[in-house]
Amino acid sequence: MNRRDFLQLAGMAGLTAAGGCRTMEQIFEGGAGTVPWSGCNMAGFRVEPLPVVRVGVIGVGQRGPGHVKTLARIPGVQIVAIGDLYANRTAKAAKLVTEAGHPAPQEYHGSDEAWRGICEREDVDLIYICTPWLLHTPMAVYAMECGKHAVSEVPAAVTEEECWQLVSTAEETRRHFMMLENSCYGYNELLALSLCRKGVLGDLVHGEGAYLHDLSDSKLTPEDTGGYQGRWRLEWTKQHTGNPYPTPGLGPICQYMNINRGDRFDFLTSVSTDVFRMPQKAARAFGEKAPEARHAYYRQGDMNTTIIRTYRGRTILVEHDTTSPEPYSRINLIKGTKGIFADYPLRVALEPSPHRWMDDQALSELKAKYEHPLWQKNGNAAKQRGGRGGVDYLMNLRLIHCLRNGLPLDMDVYDAASWSCLVELTERSVLKNGKPVEIPDFTRGGWKTAEPLGIVNV
Ligand SMILES: NC(=O)c1ccc[n+]([C@@H]2O[C@H](COP(=O)([O-])OP(=O)(O)OC[C@H]3O[C@@H](n4cnc5c(N)ncnc54)[C@H](O)[C@@H]3O)[C@@H](O)[C@H]2O)c1
């Protein structure tokens, strides 16, 4: 009997363990999109409370140390191991742990594979991944196979296949996987979430999110003068088009709209501009003859625009531009049948005066009434402890709180997969002149019954 026959037979015979899940023995190894449901849905998944969350951090370049610093100051966290390619980076990050009054973590470095040792330790509950994009899924999958919960920086995956691997591995191992989309914890994003959940905007119709952040200099900076390791972000622009970083703008809109919890993505269409600015910048930095100064060096157009239609008939616009000179923005716009919330800068217009933005006083009153409880309770601590204006602190605080209290996490593996799959699907659409591309239902039907996110009730 081959694997497919077995799974069909298992499905027909209703092979299930207690709680409606097939046991590990009843499930064959593997995990791609062609694999039928492993037997367990992860929506609302929770584990026994962990009294202390023992963390292993992998990747301490520009991003990782900030997380180490915030995690080390959250009660109930022990950072037991830190890994990176480079010893000087693990040493620097380990110092952040000891400076916060904790024992020194063990350091793993010196090879591409040293990180596996962290996943294999018995005394680790959570693997925290802050490496370049291509390593997020392989590291998270291995961590879950070793029995650990895993979280990774954004995007969680760079192909549809990787998204399915995350989903199937989480379902089969019954481990949490969360993507660290910190934009979901922004003050304005959580304010908008409160407004949406409390019906202030009416039935939601359309959202807009973006990652508009001029990283042209950072992309070109060599690693030895403070750039990304191996200039991984520039390498991506050489090889790919589409939107490689959809989740900061898209994540909050999905939470407003209850995507995967009552609605789901249906299809998308995506277009990109040509390449304009990177060769000009490179010519100035490295000279006209440098390879980076040629247009043909790049595949990724400066600006990408994507429109998603949801199964329940709503639309989401997602933009990406890390090349053009402009102020940072995630757009963060949501409108419904009773009004509109727009950000950068914050504006709100509501019935019965929807044709003009609220004045400053009305906006302050609205904020006072609908400020999210997470910011009400922890706003001051978040601002003091920092990390992108406090959002990293709040995200890590919630992650640890949920694990220590046996609660479902704020973003589950289906969110990670459906938000991250845009990396490949936008590229597919762009390469076909904007042809619609179907977006898979990673919940395998679970979106119809999954409960809305509980974050407003914290
Ligand atoms: N959400 C946010 O606000 C935000 C902000 C910045 C970066 N990020 C994300 O964080 C991630 C890391 O970005 P960064 O700016 O720190 O990049 P970086 O290049 O500065 O750091 C990556 C680190 O990973 C290490 N690494 C690479 N391969 C490894 C391996 N095999 N084993 C162990 N370590 C390895 C590198 O040595 C490096 O220190 C990216 O996914 C990025 O998109 C998110």
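All values derive from a computational prediction rather than experimental measurement.

How each quantity is defined
Residues numbered from 1 in each chain as written. Predicted model: local features only at pLDDT ≥ 70, side-chain atom pairs only at ≥ 80, totals over all residues. Helix = DSSP H or I, 4+ residues; strand = E, 2+ residues; numbered from the N terminus. Rg over C-alpha atoms; globule rule 2.2 N^0.38 Å. Buried ≥ 20, exposed ≤ 12 C-beta atoms within 10 Å, placed from the backbone. Contact = placed C-beta atoms within 7 Å. Domains from an automatic or database assignment. Nonpolar A, V, L, I, M, F, W, Y, C, P; charged D, E, K, R; others polar. Expected span 1.5 Å × (residues − 1). Arc of directions from axis to C-beta. Axes fitted to C-alpha atoms, helices over the stretch in contact; angles between N-to-C directions. Parallel < 35°, antiparallel > 145°, perpendicular 65-115°, else oblique. Left-handed = near helix turned anticlockwise from the far one by under 90°. Near = placed C-beta within 6 Å. Core = buried A, V, L, I, M, F, W, Y, C linked by C-beta atoms within 7 Å. pLDDT = per-residue confidence, 0-100. Pairing = 2+ DSSP bridges.

Some remarks on the overall build of the protein
Tallying secondary structure elements over the protein gives 16 helices and 14 strands in all. Relative to the compact-globule value of 23 Å for 458 residues, the protein shows a C-alpha radius of gyration of 22 Å, a close match. Principal-axis analysis of the C-alpha atoms gives the protein an extent of 60 × 55 × 50 Å. Here the protein, with 458 residues, has 48% of them falling under the buried criterion. Taking the intrachain contacts of the protein between residues at least 6 apart in sequence as the baseline, contacts between residues at least 24 apart amount to 73%.

Overview of the domain arrangement of the protein
Looking at the protein, the domain boundaries give domain 1 (51-124) and domain 2 (183-382 + 393-457). A straight line from the C-alpha centre of domain 1 to that of domain 2 covers 28 Å. Counting residues at the interface gives 8 residues for domain 1, matched by 7 residues for domain 2. For the side of domain 1 that touches domain 2, the element with the highest residue contribution is helix H2 (residues 64-72), accounting for 3 residues. In terms of residue class, the side of domain 1 that touches domain 2 is built from 4 nonpolar, 4 polar and no charged.

Concerning helix H14 (residues 391-404)
It helps to recall that an α-helix has 3.6 residues per turn; residues three or four apart then point in one direction. Across its 14 residues, H14 extends 20 Å between first and last C-alpha, which sits within 8% of the 20 Å expected from 1.5 Å per residue. Here H14 lies mainly inside the structure; 12 of its 14 residues are buried. Looking at H14, one finds that the buried residues are Val391, Asp392, Tyr393, Leu394, Met395, Asn396, Leu397, Arg398, Leu399, Ile400, Cys402 and Leu403.

Observations regarding helix H9 (residues 232-239)
When H9 is considered as a whole, its buried residues turn out to be Arg233, Leu234, Trp236 and Thr237. Mapping the buried residues of H9 onto a view down its axis gives an arc of 155 degrees, with all of them on the same face. Summarising the contacts, the buried residues of H9 are in contact with helix H8 (216-220).

So, the packing of helix H13 (residues 373-385) against H14
Closest axis-to-axis distance for the H13/H14 pair is 8 Å, and the angle between their directions is 125 degrees. Considering the angle they form, H13 stands oblique to H14. Remark: the crossing between H13 and H14 carries right-handed chirality. Residue-level contacts link Leu374, Asn378, Ala381, Ala382 and Arg385 of H13 to Tyr393, Leu394 and Leu397 of H14. Looking at the contact of H13 with H14 residue by residue, the class counts come to 6 nonpolar, 1 polar and 1 charged.

Description of the site of the ligand
Surveying the vicinity of the ligand reveals 26 residues, the closest of which are Gly59, Gly61, Arg63, Glu153 and Gln229. In terms of residue class, the shell around the ligand is built from 12 nonpolar, 8 polar and 6 charged. Inspection of the shell around the ligand shows a minimum of three residues originating in each of domain 1 (51-124) and domain 2 (183-382 + 393-457).

Some remarks on the nonpolar core
If you look at the biggest cluster of nonpolar residues, it comprises 106 residues, and the most contacted ones within it are Val68, Ile79, Ile127, Leu166, Ala416 and Ala417. Ranked by the residues each element gives to this core, the list is headed by H14, at 9 residues. Contact partners of Val68, with chain neighbours within four places excluded, come to Val57, Val60, Ile79, Ile82, Ala93, Leu96 and Val97.

Focus: the confidence of the model for the protein
Of all residues in the protein, 90% attain a pLDDT of 70 or more, and the chain-wide mean is 91. Counting contacts from residues 1-36, a segment whose pLDDT is below 50, to residues more than four positions away or on other chains yields 39 contacts.

Topic: the sheet that holds strand S8 (residues 265-272)
Strand order in the open sheet made by the 8 strands is S13-S12-S11-S7-S10-S9-S8-S14, with mixed pairing throughout. The open sheet has two edge strands with one neighbour each: strand S13 (347-350) and strand S14 (437-438). The sheet contact formed by strand S9 (residues 304-310) and strand S10 (residues 315-321) spans 6 bridges and is antiparallel. Looking across to S10, one finds that Ile307 is bridged to Leu317.

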